[in-house]
Amino acid sequence: MAGRLVIGDVRVRQVVRGDGRRTYTVVLPGGEVHRAADGFLRTREGGTDRVYAYLLVDHLRWLEFVGSLWRR
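Parameters at a glance
- Residues numbered from 1 in each chain as written.
- Predicted model: local features only at pLDDT ≥ 70, side-chain atom pairs only at ≥ 80, totals over all residues.
- Heavy atoms only, no water.
- Patch = residues over 30% accessible without salt bridge, like charges linked within 9 Å, V, L, I, M, F, W, Y side chains within 5 Å.
- Areas by Shrake-Rupley, 256 points an atom, 1.4 Å probe, with all protein chains shown as cover.
- Salt bridge = Lys/Arg side-chain N within 4 Å of Asp/Glu carboxyl O.
- Helix = DSSP H or I, 4+ residues; strand = E, 2+ residues; numbered from the N terminus.
- Buried < 20%, exposed > 50% of the residue type's maximum accessible area, 1.4 Å probe, protein only.
- Pairing = 2+ DSSP bridges.
- Polar contact = N/O pair within 3.5 Å; in protein donor to acceptor, adjacent residues only side chain to side chain.
- Contact = heavy atoms within 4.5 Å.

Caption draft 1: Up close: a nonpolar patch on the surface. Where nonpolar side chains cluster on the molecular surface, the patch consists of Phe 40, Val 51, Tyr 52 and Leu 55 and spans about 350 Å² of accessible area. The biggest single contributor to the nonpolar patch is helix H2 (residues 49–65), with three residues. Position of Phe 40 relative to the elements: it lies in helix H1 (residues 35–41).

Caption draft 2: Just the pairing of strand S2 (residues 22–27), in detail. Most of S2 sits inside the fold, with five of its six residues counted as buried. Taken together, the six bridges between strand S1 (residues 11–16) and S2 define a ladder with antiparallel strand orientation. Bridge assignment links Arg 13 to a residue of S2, and that residue is Thr 25. Counting the residues that bridge the hairpin from S1 to S2 gives five residues, and of these Gly 20 lies at a positive phi of roughly 95 degrees.

Caption draft 3: Structural context of the side chain of Thr 23. With respect to the helices, strands and loops of the structure, Thr 23 is situated in strand S2. A polar atom in the side chain of Thr 23 sits 3.1 Å from the side chain of Arg 17. Those residues in contact with Thr 23 that sit more than four places away from it in its chain are Arg 13, Gln 14, Val 15, Arg 17 and Asp 49.

Caption draft 4: View of the pattern of salt bridges. Tallying each qualifying case throughout the model produces three salt bridges. The salt bridge involving Arg 21 is made with Asp 19; its shortest N-O contact spans 2.9 Å. You can call Asp 19 exposed: its relative accessible area is 56%. Across the pair Arg 42 and Asp 38 runs a salt bridge, and its minimum N-O distance is 2.8 Å. With a relative accessible area of 55%, Arg 42 lands in the exposed category.

All we've got here are geometric facts, nothing functional implied.
Here it is, written out as structure tokens:
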């Protein structure tokens, strides 16, 4: 990710919190946070949220590929 902006694809974004902790969320093509995924990721322990975020992105991309609708 290294600071570059990616538009047009669901992706994982690292968020650096005010206290220095790093968390991860799922971002939609327009740049907004996927609220359902973000809500789920906030309940995960530090260190596992990154793995879950990438798994969620894979699943959301698969849903889009097969033509299934998913809520934002």
